[in-house]
Amino acid sequence: MFTAGAESLLRQAREVQDEELRKFCSRISALLQEEDLGPDALDSLRRLFLIVSATKYNRRLEKTCVDLLQSTLCLPVCSEPLQVLCAAILREMSPSDSLSMSCDCTQNTWQLSLVASVLLAQGNRRDEVRTVAQHILRALESRQPEGPSLRHLLPIVSKVVGLSPGILQEDHTTLLSKRLIDWLRYASIQQGLPHSSGFFSASRARQPGPITEVDGAVATDFFTVLSMGHHFTEDQWLNMQAFSMLRAWLLHGSPEGLGAPDTDDKSELEGSTLSVISATSATSRLLPPRERLREVAFEYCQRLIEQSTRRALRKGDSELQKACLVEAVLVLDVLCRQDPSFLYRTISCLKALHGRLSGDPASVRVLLPLAHFFLTHGEAAAVDSEAIYQHLFTRVPAELFHSPLLAFEFIQFCRDNLHLFGGNLSILKLTFPNLFKFLAWNSPPLTSEFVELLPALVDSGTALEMLHSLLDLPCLTAALDLQLRLWPAASERPLWDTSLRIPSCLEAFRDPQFQGLFQHLLRPKASGTIERLAPLYQLLQPMASCARVAQCAEAVPTLLHMFFSAVTQVTSGSLTNQLALLLLERSDSLYQVPQYEACVHRVLSSQFLVLCKLRPSLVVELARDLLEFLGSVSSIHSRASMVTSVVWAVGEYLSVTCDRRCTVEQINKFFEALEALLFEVTQSRPTTLPRCPPQVVTVLMTTLTKLASRSQDLIPRVSLLLSKMRTLAQSPASSCSQDEEGAEAIRTRATELLNLLKMPSVAQFVFTPSMEVCSPRYHRDVNTALPLALRMVTRLMEKEAGLLPG
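Residues numbered from 1 in each chain as written. Predicted model: local features only at pLDDT ≥ 70, side-chain atom pairs only at ≥ 80, totals over all residues. Heavy atoms only, no water.

Section: the overall build of the chain
Thought 1: Regarding its fold elements, the chain presents 42 helices and zero strands.
Thought 2: Across the chain, contacts joining residues at least 24 apart in sequence account for 75% of those joining residues at least 6 apart.
Thought 3: Within the structure as shown, the chain displays about 39000 Å² of accessible surface, and the carbon and sulfur contribution to it stands at 54%. (Helix = DSSP H or I, 4+ residues; strand = E, 2+ residues; numbered from the N terminus. Contact = heavy atoms within 4.5 Å. Areas by Shrake-Rupley, 256 points an atom, 1.4 Å probe, with all protein chains shown as cover.)

Structural notes on the packing of helix H13 (residues 289–307) against helix H14 (residues 315–338)
Any two packed helices are characterised by the angle at which their axes cross and by the distance between the axes.
Thought 1: Orientation of H13 relative to H14, taken along the N-to-C sense of each, is 145°, at an axis distance of 9 Å. Handedness of the H13/H14 crossing: left-handed. The residues of H14 that touch H13, namely those facing Arg294, Ala297, Phe298, Cys301, Leu304, Ile305 and Gln307, are Gln321, Cys324, Leu325, Ala328, Val331, Leu332, Leu335 and Gln338.
Thought 2: Here the residues of the contact of H13 with H14 sort into eleven nonpolar, three polar and one charged. (Axes fitted to C-alpha atoms, helices over the stretch in contact; angles between N-to-C directions. Left-handed = near helix turned anticlockwise from the far one by under 90°. Nonpolar A, V, L, I, M, F, W, Y, C, P; charged D, E, K, R; others polar.)

What about the nonpolar core?
Thought 1: Core analysis: the biggest nonpolar cluster contains 255 residues, and Phe393 and Phe608 have the highest contact counts within it.
Thought 2: Apart from residues no more than four positions distant in its own chain, Phe393 is found in contact with Phe410, Phe413, Cys414, Phe421, Ile427, Leu428, Thr431, Asn434 and Leu435. (Core = buried A, V, L, I, M, F, W, Y, C linked by side-chain atoms within 4.5 Å. Buried < 20%, exposed > 50% of the residue type's maximum accessible area, 1.4 Å probe, protein only.)

A word on the state of the cysteines
Thought 1: Throughout the structure, instances matching the rule amount to zero disulfides.
Thought 2: Just so you know, Cys349 is unpaired, no disulfide at all, and the nearest cysteine sulfur is the one on Cys301, 9.6 Å from it. (Disulfide = S-S within 2.5 Å.)

Brief notes about the environment of Gly355
Thought 1: Along the chain, Gly355 falls in helix H15 (residues 343–357).
Thought 2: Between the alpha carbons of Gly355 and Ile388 there is a distance of 9.4 Å; along the sequence they are 33 residues apart.

Overview of the packing of aromatic side chains
Thought 1: By the definition in use, this model includes 18 aromatic pairs.
Thought 2: Where Phe223 meets Phe232, the ring centres are 6.0 Å apart and the plane angle is 70°; that geometry is what we call edge-to-face.
Thought 3: For Phe223, a relative accessible area of 1% puts it in the buried group.
Thought 4: Among the residues examined, Phe232 registers a relative accessible area of 22% and is labelled partly exposed.
Thought 5: Centroid distance Phe432 to Phe436: 5.4 Å. Interplanar angle 65°. Geometry classified as edge-to-face. Taken as a pair, Phe432 and Phe436 lie in helix H21 (residues 432–441) at a separation of four residues, close to a single helical turn. Each member of the pair Phe432 and Phe436 is classed as buried.
Thought 6: Three or more aromatic residues joined by ring pairs make a cluster, and in this case those are Tyr389, Phe393, Phe410, Phe413, Phe421 and Phe438.
Thought 7: Over the face of the ring belonging to Phe222 we find Arg303, whose NZ or CZ atom lies 5.8 Å from the ring centre. (Phe/Tyr/Trp six-rings, centres within 6.5 Å; stacked < 30°, edge-to-face > 60°. Lys NZ or Arg CZ within 6 Å of the ring centre and 35° of its normal.)

Examining the side chain of Gln321
Thought 1: As for its position among the elements, Gln321 is in helix H14.
Thought 2: For Gln321, a relative accessible area of 7% puts it in the buried group.
Thought 3: One polar contact links the side chain of Gln321 to the main-chain carbonyl oxygen of Arg310, over a distance of 2.9 Å.
Thought 4: If sequence neighbours within four positions are ignored, Gln321 has contacts with Val214, Leu226, Gln307, Ser308, Arg310 and Ala312. (Polar contact = N/O pair within 3.5 Å; in protein donor to acceptor, adjacent residues only side chain to side chain.)

A few points about the packing of helix H2 (residues 18–32) against helix H3 (residues 39–53)
Thought 1: Between H2 and H3, the least distance of the axes is 10 Å, while the angle of their chain directions is 145°. Once H2 is placed against H3, the crossing between them reads as left-handed. Here Leu21, Phe24, Cys25, Arg27, Ile28, Leu31 and Leu32 of H2 lie close against H3, whose contacting residues are Asp40, Ala41, Ser44, Leu45, Arg47, Leu48 and Ile51.
Thought 2: Partitioning the contact of H2 with H3 into residue classes produces ten nonpolar, one polar and three charged.

Overview of the side chain of Glu213
Thought 1: Among the secondary structure elements, Glu213 is positioned in the loop between helix H10 (201–204) and helix H11 (234–252).
Thought 2: Every residue in contact with Glu213, bar those within four places of it in the chain, is listed here: Ala219, Thr220, Met228, Arg303, Gln307 and Arg310.

Describing the pattern of salt bridges
Thought 1: For the structure shown, the criterion picks out 34 salt bridges.
Thought 2: As a salt-bridge pair, Arg59 and Asp18 come within 3.9 Å of each other at their nearest N and O atoms. Of this pair, Arg59 sits in the loop between H3 and helix H4 (63–73) while Asp18 sits in helix H2, and the two are 41 residues apart along the sequence.
Thought 3: We note a salt bridge from Glu213 to Arg303, for which the minimum N-O separation is 2.9 Å. With Glu213 in the loop between H10 and H11 and Arg303 in helix H13, this pair connects stretches of sequence that are 90 residues apart. Grouping residues by exposure puts Glu213 and Arg303 together as buried.
Thought 4: Via salt bridges that share partners, Glu213, Asp215, Arg303, Glu306 and Arg310 belong to a single interconnected network. (Salt bridge = Lys/Arg side-chain N within 4 Å of Asp/Glu carboxyl O.)

A closer look at unusual backbone geometry
Thought 1: Look at Gln595: it is not a glycine, yet its phi comes out positive at around 70°.
Thought 2: Within the fold, Gln595 resides in the loop between helix H29 (573–586) and helix H30 (596–614).

Quick word on helix H24 (residues 473–486)
Thought 1: For H24, which comprises 14 residues, the first-to-last C-alpha distance of 20 Å matches the rise-based estimate of 20 Å (1.5 Å per residue) to within 8%.
Thought 2: Most of H24 is tucked away, with 13 of its 14 residues classed as buried. (Expected span 1.5 Å × (residues − 1).)

Points about H21
Thought 1: The buried fraction of H21 is high, at ten of ten residues.
Thought 2: Those residues of H21 lying buried are Phe432, Pro433, Asn434, Leu435, Phe436, Lys437, Phe438, Leu439, Ala440 and Trp441.

Comments concerning the environment of Leu473
Thought 1: Its place among the elements puts Leu473 in helix H24.
Thought 2: Here the alpha-carbon distance between Leu473 and Val556, two residues 83 residues apart in the chain, equals 7.4 Å.
Thought 3: With residues near it in sequence (within four places) discarded, Leu473 still touches Phe436, Leu439, Ala440, Cys552, Val556 and Leu559.

That is the geometry; function is a separate question.
Have a look at this one:
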């Protein structure tokens, strides 16, 4: 989130019109042509960068301005901030056909890195990646001990490898591997000299001291990114940058692919067995650069793990330890996949690391790459990872759901490792209530991640419980808010909305009477039982206006669509019926968040029809429950979409064609129930139509007509009813209370249905077509299509009406 001042600046930048931008570019062009590029030029370039970067679309700059930006970037003598801004503006314009510079114009590695970043942003339109790679490698090859710094080039090398992995030849790969070995293993262990600040300062400066560990002890081993000092030498900076790109380079340097050892691997593995003595002695041989780099990378990661056991003196160093541990475990994972000989040297170390960190909530982010490692290699190393998964999926989400970064990484870990869980996928499915806590508290940024993960969580055994949990997700958000407020170790900076005063909710959360319901809502695992949480909806109603609850409610419809898309792939007949009953039940039992009920009803109503289409016999099998639902509808306006879908499904699937168990008695019962419902919604005001959606009325009339066509004794009753509806819709009072369009829709539908009922056999053909009629061929064939039958009926009716006396 931006501050109010930053938001104001961004808004102003987005509102700059093309004419204003053209004038501003002219001013910048004049400034860049001056001999002395002073503060005015720097300030103007900052403003221009804000303007071009504040919008999603590319801003069009004058060619003169673009040319001057390029020439300024390539000046042999120029202030670094100016060149950085020029490069940033040119990158924002990419891809662009107006760029004409190349790496040949650069004077040093600093300029080369800036120009290369602009060219790579072009997206390899003119083979820029290859050109940049050639210049970077030339600089690496010509490196002298006292030559220009290479610190600026390593990020560009990493970018080149990411954009085009196959662009480097074998000799280039060997060269860089050798350089990385030197930087990682042989950096100086003495601190660097401070920058000179005066004429006499160099002679009076103290000799640089030794590098220290994070706990202040003097370092006795080689330099790493966790080594501390006041000033660093060039090779120490290169050591840090080399580690940052090490994992990407190892992945690039394995053309055989992960999981396959090198063809020149000296270990000659047989299955998954290897002598530890043989593995460790391999480091003493003269290895090729790629294998030697792996050995150095392994030693570096082991050193980082050892350094992480030290107690850091500063909080920032403690965070650095955790970040380095994450990267070290990921690098070890790559090494073990590329060469299994590292596995048996790594597994005991990482098991000890997990045992040390599992009880430390501050180090929980390191547990994710550790879990990934054991998922990947646990079987090969004969390690039982069950305890690791149990701790990760039960305790971590329950205690740290409020950490947005951990939430994203945790769900991303689950999504990216689905293929590795294998037989352990049941743990993931059973702990979905815990995963939903991440979603409930961080719903806007996590919704898209959960949309991808949710199909893997859906299981026929927990589908009903998961659907209840999805519908109660906003209620879970409110409960988590209360739990966070009542935790004894509250954060220094509250993670909840401090403007919301809810003493009654806090008292209810503590009340033993409701402890069972809250415990079920906050359960860590699927319980296999369904609890009705309606009492909590009223208790937590003061929190419905909370912004976090409202954001969570907005995500639920999207998640419901994905849930039903997945559950229809695993559902059985009985589960389909249970899901349909659940939809009917929950349509009248939802947490009252503004706009939430209407959005959820639209999803539930559409999915009820999907379930009916998937299993047409559902209507006959659930006849008693559907009749009870139709007879208990109290507020039809708030549940209009659900009522409409149920009524339509009755008319569509309550027939012998869909289920031979359908009887005339069932048809008559539904007819009476729907007739009473139509009477209720249309006769609640004697002289006018009620404020009921016209779609409900038209669907009720259509379904009653369908049922009458299947039990023709009902035709006189429905004909009389339709005539009354047409008359009622034509009355002037009706036009006043209803919009004209709705009244016209009711009149038109009543007239159409009455015309069809005048020929009962045709009505049955139209309303209950046979399976052959429902086939696509029947509707494509112009000689037998259903519209042809309807046109024929219309002509007959018009002819019959014309023969009647005036």
